Amino acid sequence: MSGALPSALALTLLACAGCAAAERGFYAPVGAAESPSLVHWTEGRPDELVFEVACQGSYLNQVAGRPARTMHVQLEVLRPREGAVTLALDALRLTLQPADGGAPIDLLPSEAWWGDERLERALRIPGWSRRAFDLFFDDPDAESAPPALARLRWTWQAGGDTGYGDCQFRRIPAGGPGQPSLDPLGDAAFGYRDGFYMPIEGDLGPRALQKGVEVREHYVFHDPEGWFVGWF
Amino acid sequence: MRILLLVVACVVLLLVGALLAVDRHAPELVREGLVRLGFDDLVAFDEVHADPLDDRVVVRGGRLIDPSGGQIVAQVDTLTVDLPPGWREGELPMPVALHGRGGRAVLRWDAAGEQLTVVDVLVDLVERILAMLPPGDEHHPLLPMTFDDLDLVVHAPNHPLERLSGVSVSIRERNAVVIVLIQPGPGQGEVELAFDHDGFRRFEAHGMRATPTLLGIVPEVGWFLADGLAPHGVVDVEVTHTDELLVRGRVHDASFASPYVPFPLGPADASFEVVGDRLRVDEAAVGFEGGSVRVSMLGPIDDLDVRLDVAHAAFREELLGLVPAYARIERIRCHDGGTFELGLSLHADLTDPEAPLSIDGQGGFHIEAVDVTAMSEQPLHLTDVVGRFRVDDEGLVLPDVSARLARGSVRGSGDVSVVTGDYHAQLRVEDVDIALIHPSFHPGCECTHTISGWLQADADLLGTFGADGLPTSHGQASVRAGDLWDTPLVEAVLLAIPEIGEVKKDRQRVELSFSTLRDRMTIEDVKIASDLLTLTGQDGSVDLDGDIRLKLSVFQLPFGVVGRVLEFITQQLLLEVQVEGTVSEPVVTPLPLPVVTGPLRSFVNGVLGLFSDDEEVPAPPPAGH
């Protein structure tokens, strides 16, 4: 949706609702070079197990009717050998280092999705397959600023084997290289630009799987342009 | 065993000849002796030379003859018999040693692959000799015998000649057991046979060349081993024969050039056992480049169960030569790199190449790079293709395969007949960057246009690998956040309809339903929509050579519910164009505009002008995901 009238209407409605533009944080793996596109962290053995993690950033959204600052992480796992790999959700932990230097905050996943399927207990990757997951870590303190660092740790199990994963993302300085454009999305229903999920300022609105006819690797969970989208 | 029997029999034969030949009239006496003993149809010689001063007798040109056809099946060039010092002419002294040099024997299978003429002759000869021995003579000590520089040639129909040159043979007695030791040459192993008065007792081979040894000792299984596996290597074998043949052995440091396997196998280390007609191989390790397969076999070779297990081996394209249909899959090329596992049970009649092979197995694979040819010479590059498979007599089933493609992914499932190459597949494309893949879909042209967007698609495909043209398919696709303004089709449409005027080139969305058959893709419905300009078409087509036929309706309306209502209303006042020519050079012809629609269209365009937004800058094309 674009056009002067709907955009103006949207801004007006947002302002009326008291939703001032919320700060959005974008992240890149610690040590990664600057890139105009989203940068993934990758680790593993190509003949055994490969993890690829992307941090989609810290944004404000509505969860069960309440505002929350959410860190959105995408995890893809490639299992190029026999034997399923399982990552229990309660063994996935995101540690946030607040921007103001306060005490670190540990979060467990609030929601986990494989495509359009919500997962309740664990992420499971069958042998000889790949799975892409969306993980949402909600910080109920909606007033907090995007954290300076985010560290994701997990435990995986495959048969009798157990392993650990650990990766860290740093915030891309606002306005600096590596931060995506904050222009309005050309196609909100697609939801991505340069690999970044909904790279816009402001509250992304209620979080819920958006309807779509297309099958996606990573679905869209927000409709930040409001109820009036689609009327024009 | 039979090879050795040949040698032993020759030795015995020539020893007898030599004993009889110690006389100044030796040749005549020997020949008379052979006639008297009934050996004249089996053995012959050229000359016998006895020299009392040398205490030895020399026999030249000794021959073993097939009595049924008169063919020479073995010969010894020179046989020297050492006699005790002081022997006198006219006596028959007991030789003290025997030494042969030169000669050859031929093992020849007939076309049926069973008959060994030289063996039959030897068995005949040995039986005649044993019948002559008086009771108790078996305790007489055997004189030492050696033979050097013998050639052994193995002939078999449709099989390369096997030749053992420079073979040495020594025969001695130990504890009433005759030991025959055969050494093909330095470093080429050795064979030991043991005989007692009851005949053959034991055969042992150590470090021998595999093929001639196995062919010689177990012809039936040897045929399978020689033709089916074509082994090159060394073998340790122990053969005993009580109630039935028992062969135990180990092939090691071996390689195989099997005609059934399109790549070399080895090194191999395999223990095997043959009891009667049953072969047993327990978890033999056979290497190949990048891994090894554990092979187990059990049963007679005409009813053999085979189990193959490959654990975590490196993937190489030549492995796919094992899939009969792969050679015909010209559009898919897998590159070396990755891993795979396989567990396969086979049931086979290895005596009949035409007999059906029963297969049941499963496995998984990870192939790092696969190229797929779509509609142009530039292939699609798939990476990290991972999946599982099951295989049985019907074919190959792939329940879950996925790959990376152009920053997105491809998922699929399907089945393939390994006999006919027929396949059925369901494919799903998720979030693929069309900027990276669109050159693969331009038949016959090198596309230089700037196109971007994110593709999602589903399709059902039905076809035959190796068949010409496209598979039969039906599917739908969409492009999100697209920038297709630079495509020849959209450009030509805009140029052909000046009424459209200046268009704000913002993001487009494409929705397409299609089917393919042979060399044609039918566009059932297509919609290319941006905020204010929409192209819709039905029942068009694109051929593999790039020819296009499509009627498009063009209208300038916004998205959304209101837009869709207006779209319905304005179906009557839209512009229509006919698209012909090729995908790279389309020819767009406007169709006549109904008289009534002109003023209405002007009105609609005027209304839409209220929604125009000249200040908004279109978002840049996506560069990553």
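Residue numbers here run from 1 along each chain, matching the order of that chain's written sequence. Written order determines the labels here, with chains lettered from A and ligands numbered from 1. Local features in a predicted model are, by the rule used here, given only for residues with pLDDT of at least 70; side-chain atom pairs are given and counted only at 80 or more, and totals for whole chains, interfaces and linings are based on all residues. The side-chain values count all of the structure's non-hydrogen atoms but skip hydrogen atoms and water molecules.

**Overview of the overall build of chain A**
Stated precisely, the cut-off is as follows: Secondary structure elements are defined from DSSP: runs of H or I of at least 4 residues count as helices, runs of E of at least 2 residues count as strands, and each element is numbered from the N terminus. Relative accessibility thresholds used throughout: buried, under 20% of the residue-type maximum; exposed, over 50%; partly exposed, between the two (1.4 Å probe, protein chains only). A contact between two residues is defined here by any heavy atoms of the two lying within 4.5 Å. Accessible surface area values rest on a Shrake-Rupley calculation with a 1.4 Å probe, where residue burial reflects the displayed protein chains alone.
Along the backbone of chain A there are 1 helix and 15 strands. Buried residues in chain A amount to 53% of all 232 residues. When contacts within chain A are restricted to residue pairs at least 6 apart in sequence, those whose partners lie at least 24 apart make up 64%. By element, 55% of the accessible surface of chain A is carried by carbon and sulfur atoms, the whole surface being about 9900 Å².

**Some remarks on the pattern of salt bridges**
All names here are of chain A. In plain terms, the rule: Here a salt bridge means any side-chain nitrogen of Lys or Arg lying within 4 Å of a carboxyl oxygen belonging to Asp or Glu.
Evaluation of the coordinates by the stated rule reveals 32 salt bridges over all chains. Among the ionic pairs, Arg151 bridges to Asp166, the shortest N-O distance being 2.5 Å. Of this pair, Arg151 sits in strand β12 (residues 149-158) while Asp166 sits in strand β13 (residues 161-171), placing them 15 residues apart in sequence. Relative accessible area serves as the criterion here: at 32%, Asp166 is assigned to the partly exposed category.

**Regarding the side chain of Arg207 of chain A**
Residue and element names in this part refer to chain A. Inclusion rule: Whenever two N or O atoms come within 3.5 Å, that pair is a polar contact, provided that in protein one can donate a hydrogen and the other can accept it, and provided that, for residues adjacent in sequence, both atoms are side-chain atoms.
Among the secondary structure elements, Arg207 is positioned in the segment after β15 (196-197). Of the residues examined, Arg207 reaches a relative accessible area of 10% and is grouped as buried. A distance of 3.1 Å separates a polar atom in the side chain of Arg207 from a polar atom in the side chain of Glu111. The residues contacting Arg207, other than those within four sequence positions of it, are Asn61, Gln62, Val63, Thr70, Ser110, Glu111, Phe136, Asp138, Phe221 and His222.

**A short note on the nonpolar core**
Basically, it comes down to this: Nonpolar cores were defined as sets of buried Ala, Val, Leu, Ile, Met, Phe, Trp, Tyr and Cys residues, with membership established by side-chain atoms within 4.5 Å.
Grouped together as the largest cluster of nonpolar side chains are 131 residues, with contacts concentrated most on Phe272, Phe288, Val493, Leu552 and Val554 of chain B. Per-element accounting of this core gives the leading share, 6 residues, to helix α7 (residues 488-496) of chain B. Apart from the residues lying within four places of it in its own chain, the contact partners of Leu552 of chain B are Leu489, Val493, Val526, Leu535, Thr536, Gly537, Leu575, Glu576, Val577 and Val579 of chain B. In terms of nonpolar packing, the next biggest core, distinct from the first, is built from 31 residues, Trp41, Leu87, Leu96 and Phe137 of chain A among them.

**Quick notes on the pairing of strand β29 (residues 548-555) of chain B**
Residue and element names in this part refer to chain B. Quick note on the threshold: When DSSP finds at least two bridges between two strands, those strands are taken to pair.
Among the 8 residues of β29, 6 are classified as buried, and the element is accordingly described as predominantly covered. Pairing geometry for strand β28 (residues 534-543) and β29, over 7 bridges, is antiparallel. Looking at β29, one finds that Gly537 is bridged to Leu552. A loop of 4 residues connects β28 with β29, the two strands running antiparallel in sequence, and Gly546 in this loop sits at a positive phi of about 100°. Relative to strand β30 (residues 575-581), β29 runs antiparallel, the two being bridged by 5 bridges. Its bridge partner lying in β30, Leu550 is registered against Val579.

**So, the sheet that holds strand β9 (residues 117-119) of chain A**
Paired through their backbone hydrogen bonds, the strands of a sheet run either parallel or antiparallel. Residues and elements named next belong to chain A. Just so we agree on the cut-off: Axes here refer to lines fitted to C-alpha atoms; in helices the fit is confined to the stretch in contact. Angles between the N-to-C directions go from 0 to 180 degrees.
Here 6 strands make up an open sheet; going across it, the order is β2-β3-β4-β11-β8-β9 and the pairing antiparallel. The strands lining the two open edges of the sheet, one partner per strand, are β2 (41-45) and β9. For this sheet the average axis-to-axis angle between neighbouring strands, irrespective of direction, equals 25°. Both strand β8 (residues 111-114) and strand β11 (residues 129-139) contribute to a ladder of 4 bridges, which runs antiparallel. Paired with Trp113 across the strands is Asp134, a residue of β11.

**Quick look at the packing of aromatic side chains**
In this description, a pair of aromatic rings is defined by centroid distance and the angle of the planes. For clarity, the cut-off: To pair, rings of Phe, Tyr and Trp, with the six-membered ring standing in for Trp, must have centres within 6.5 Å; the planes then decide the type, stacked if under 30 degrees apart, edge-to-face if over 60, and tilted in the middle.
Within this structure, the stated rule accounts for 13 aromatic pairs over all chains. Judged by centre distance (5.5 Å) and plane angle (70°), the ring pair of Tyr192 of chain A and Tyr197 of chain A falls under edge-to-face. By way of ring pairs, the aromatic residues Tyr59, Phe190, Tyr192 and Tyr197 of chain A together with Trp454 of chain B are connected into one cluster.

**Re unusual backbone geometry**
Among all residues except glycine, the phi angle is most often negative; among peptide bonds, the trans geometry is most common. Going from Gly266 of chain B to Pro267 of chain B, the amide bond is cis rather than trans, its omega being 5°. Position of Pro267 of chain B relative to the elements: it lies in strand β13 (residues 265-275). Unlike most non-glycine residues, Met198 of chain A shows phi in positive territory, near 40°. The topology assignment puts Met198 of chain A in the segment after β15. Of the residues examined, Met198 of chain A reaches a relative accessible area of 0% and is grouped as buried. One non-glycine residue, Asp149 of chain B, lies in the positive phi region at around 60°. Note on Asp149 of chain B: relative accessible area 42%, which makes it partly exposed.

**Quick look at the confidence of the model for chain A**
Here is the rule we go by: Think of pLDDT as the predictor's per-residue confidence, scored from 0 to 100.
Per-residue confidence for chain A gives a mean pLDDT of 87, with 88% of residues at or over 70. Low pLDDT, under 50, characterises residues 1-20 of chain A; the predicted model gives this stretch 20 contacts beyond four residues in sequence or across chains.

**So, the environment of Ala91 of chain A**
Tracing the chain through its elements places Ala91 of chain A in the loop between β5 (85-88) and β6 (93-97). Counting along the chain gives 134 residues from Ala91 of chain A to Glu225 of chain A, while the straight-line C-alpha distance between them is 35 Å.

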